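One letter stands for each residue in the lines below.
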Amino acid sequence: PRSDCVVAERLCLSDSTCNATYRILENCALAKTRLLPLDHDSRVRCLNAELDLGNSSLLHCKCHRRMKRQEHCLRVFWTVHSSMTDGYFNLETSPYENPANEEHWKTDYNKLAALVSGKNCSQLAGDATNPCLKETHVCNLSKKCVRLRTDYASTCTRAAGSEDVCDRRKCLRGLRNFFEKVPEDFTKRILFCPCQDEFCGERRRKTIVPDCSFQSNTKPSCLWLLDFCLEDPFCKSRLADFQQNCQPADTSPDGCSLHNHAACLQAYMGMIGTPMTPNYVSNSSVEVSLWCTCESSGNQKEKCDQILGMFESNRCL
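Rules behind the numbers
Residues numbered from 1 in each chain as written. Predicted model: local features only at pLDDT ≥ 70, side-chain atom pairs only at ≥ 80, totals over all residues. Heavy atoms only, no water. UniProt positions renumbered as here; feature names shortened; annotations may be inferred. Salt bridge = Lys/Arg side-chain N within 4 Å of Asp/Glu carboxyl O. Helix = DSSP H or I, 4+ residues; strand = E, 2+ residues; numbered from the N terminus. Buried < 20%, exposed > 50% of the residue type's maximum accessible area, 1.4 Å probe, protein only. Phe/Tyr/Trp six-rings, centres within 6.5 Å; stacked < 30°, edge-to-face > 60°. Lys NZ or Arg CZ within 6 Å of the ring centre and 35° of its normal. Contact = heavy atoms within 4.5 Å. Expected span 1.5 Å × (residues − 1). Disulfide = S-S within 2.5 Å.

The name given to the protein chain in an unreviewed UniProt entry is GFRA4 protein, with Onychorhynchus coronatus as the source organism. As recorded by UniProt, the Sequence similarities (unreviewed entry) comment attached to the protein chain reads in full: "Belongs to the GDNFR family." Database annotation for the protein chain, UniProt heading Subcellular location (unreviewed entry): "Cell membrane".

Colleague: Which parts of the structure should I look at to understand the pattern of salt bridges?
Modeller: Side chains carrying opposite charge are able to pair once their charged atoms draw close together. Under the criterion given, the structure shown has 6 salt bridges. For Asp241, the salt bridge is made with Arg65, and the minimal N-O distance between the two is 3.0 Å. A residue pair is termed long-range when its members are at least 10 positions apart, and Asp241 in helix H14 (residues 233–245) and Arg65 in the loop between helix H3 (40–52) and helix H4 (70–80) qualify at 176 residues. The same class applies to Asp241 as to Arg65, namely buried. Residue Arg238 is joined to Glu180 by a salt bridge in which the shortest nitrogen-to-oxygen separation is 2.3 Å. Placement of Arg238 in helix H14 and of Glu180 in helix H9 (residues 168–181) is noted, with a sequence separation of 58 residues between them. For the pair Arg238 and Glu180, one class covers both residues: buried.

Colleague: Would you take a moment to explain the packing of aromatic side chains for this structure?
Modeller: Here a ring pair, both rings aromatic, is described through the centre-centre distance and the interplanar angle of the planes. The full count for this structure, using the stated rule, is 7 aromatic pairs. A ring pair is formed by Phe178 and Phe179, whose centres lie 5.2 Å apart and whose planes are at 85 degrees; its orientation type is edge-to-face. Residue Phe178 is classed as buried on the basis of its relative accessible area of 0%. When the ring of Trp224 is compared with that of Phe228, the centres are 5.3 Å apart and the planes differ by 10 degrees; the resulting orientation is stacked. A residue pair is termed a helical-turn pair when its members lie 3 or 4 positions apart in one helix, as Trp224 and Phe228 do in helix H13 (residues 222–230) at 4 residues. Given the relative accessible area of 49%, Trp224 is considered partly exposed. Aromatic ring contacts, followed pair by pair, group Tyr152, Phe178 and Phe179 into a single cluster. Lys219 extends its terminal NZ or CZ atom over the ring of Trp291, reaching a point 4.9 Å from the ring centre.

Colleague: Please explain the environment of Pro95 as it appears in this structure.
Modeller: With respect to the helices and strands, the residue Pro95 is situated in the loop between H4 and helix H5 (102–105). Counting along the chain gives 33 residues from Pro95 to Lys62, while the straight-line C-alpha distance between them is 5.3 Å. Leave out the neighbours within four places in its chain, and Pro95 touches Lys62, Cys63, Leu74, Phe77, Trp78, Ser237 and Ala240.

Colleague: Before we go on, may I ask you to explain helix H16 (residues 301–312) in this structure?
Modeller: Owing to its 3.6 residues per turn, the α-helix brings residues three or four apart onto one side. Its 12 residues place the ends of H16 15 Å apart at the C-alpha level, agreeing with the 16 Å of an ideal helix rising 1.5 Å per residue. For H16, the elements touching its buried residues are H13, H14, helix H15 (261–271) and strand S2 (288–289).

Colleague: Please clarify how the state of the cysteines should be interpreted in this entry.
Modeller: Every disulfide links exactly two cysteines, by a covalent bond between their sulfur atoms. Here the structure, examined in full by the defined rule, presents 14 disulfides. A disulfide bridge connects Cys12 with Cys18, and the sulfur atoms are separated by 2.0 Å. Measuring the twist about the S-S bond at about -105 degrees, one finds the Cys12-Cys18 disulfide to be left-handed. Summarising the burial analysis for this pair, Cys12 and Cys18 share the class buried. At a sulfur-sulfur separation of 2.1 Å, the disulfide partner of Cys246 is Cys264. Measuring the twist about the S-S bond at about 115 degrees, one finds the Cys246-Cys264 disulfide to be right-handed. Of the two residues, Cys246 is situated in the loop between H14 and H15 and Cys264 in helix H15; the sequence distance between them amounts to 18 residues. Take Cys264: its relative accessible area is 0%, and that puts it in the buried class.

Quick look at the structure:
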C-alpha cells in the first residue's frame, strides 16, 4: 500500500541523495507559493528533481482525509508535485486516496439510528415532513455530532443586534472540524437531505450558516477566489480532489467521467470550510454555486466561467 506523505518524507530525509533532491523541490514549491518567476534553468532543475525521485515512496505517497497532521502531509505532496500547480485544470491528481464508493454511501436510515446506542429515537417520528429537521435530530443524539455542530453554528452566527461582521476564518475552521471529525453517516445526511418544500429547503441551505461561511457584501471574482485557494495547501488539495472526482463527461450517460457519484459528493463536502466553500443557491432547488462572479474578468472570462461551471452546471455533481 502507498505510504502516507508524512512517513515518506521522514524516510526520504534519512537518505542523503533523496534529502538533497527534496530540498531542491522545497525551494521550487516556495518560489511558486510566493509567485516568484523561475528562469528556464530553474524550471529544468525543478522538473529534473521531481524525475530523480523515480519510484520512491515520496513520489507516490498520498494523504487521508481524517489523518493526523493532514496539512503537513498535503504540504509534502504539493512540494513533490509542484509542477502540477500551474493552474486549476492541471490539478488532476488528488492527494487523497480511497474515495467513497456507492455502496458505502447507501447507509440505511435505521442502521444510522442504531449507531446511536442507548438513545430513544421516538422523537424522530414527527419529522417525516421535514427530512432535514429529522437529520438534525439524529445528529443531536450523537455527542460528537451535536457538539461540533453547535461549535460552528455559534461561531458562524452573529450576536443579536450586532453590527460586526462574523469571524469568517473561525467559521470556516469550525465547518472543517465538523465535516472532518463527525462520521459521514451524519454529515452527508444533514447536507444532502431530500426536500419537497421550501421550509425544508431553507433549512438545508442554511446548514453551513451561509451568511457567514458563504456570502459577503460583494461577490469577489472567481479568478481571485481561485488564486486565494491555490495559495493554501488544504484548499488546493480539496479543489484537486473535487476536480478529479467530479470531472464532468458530456459523452457519458451519467455525466461523470469516473462514474462514481459518491466520490463526487464526498469531494464536494470536502470543499466546505475552504475559501471556495459552495452552497445551495435557493430554498427550492438542489443547484449549488460558489459565491463569486465572472463579471469584469476580461480575456480570462472563459477560464472563469469554467471554474464557476464546475459547480453551477456540473452534471456529475
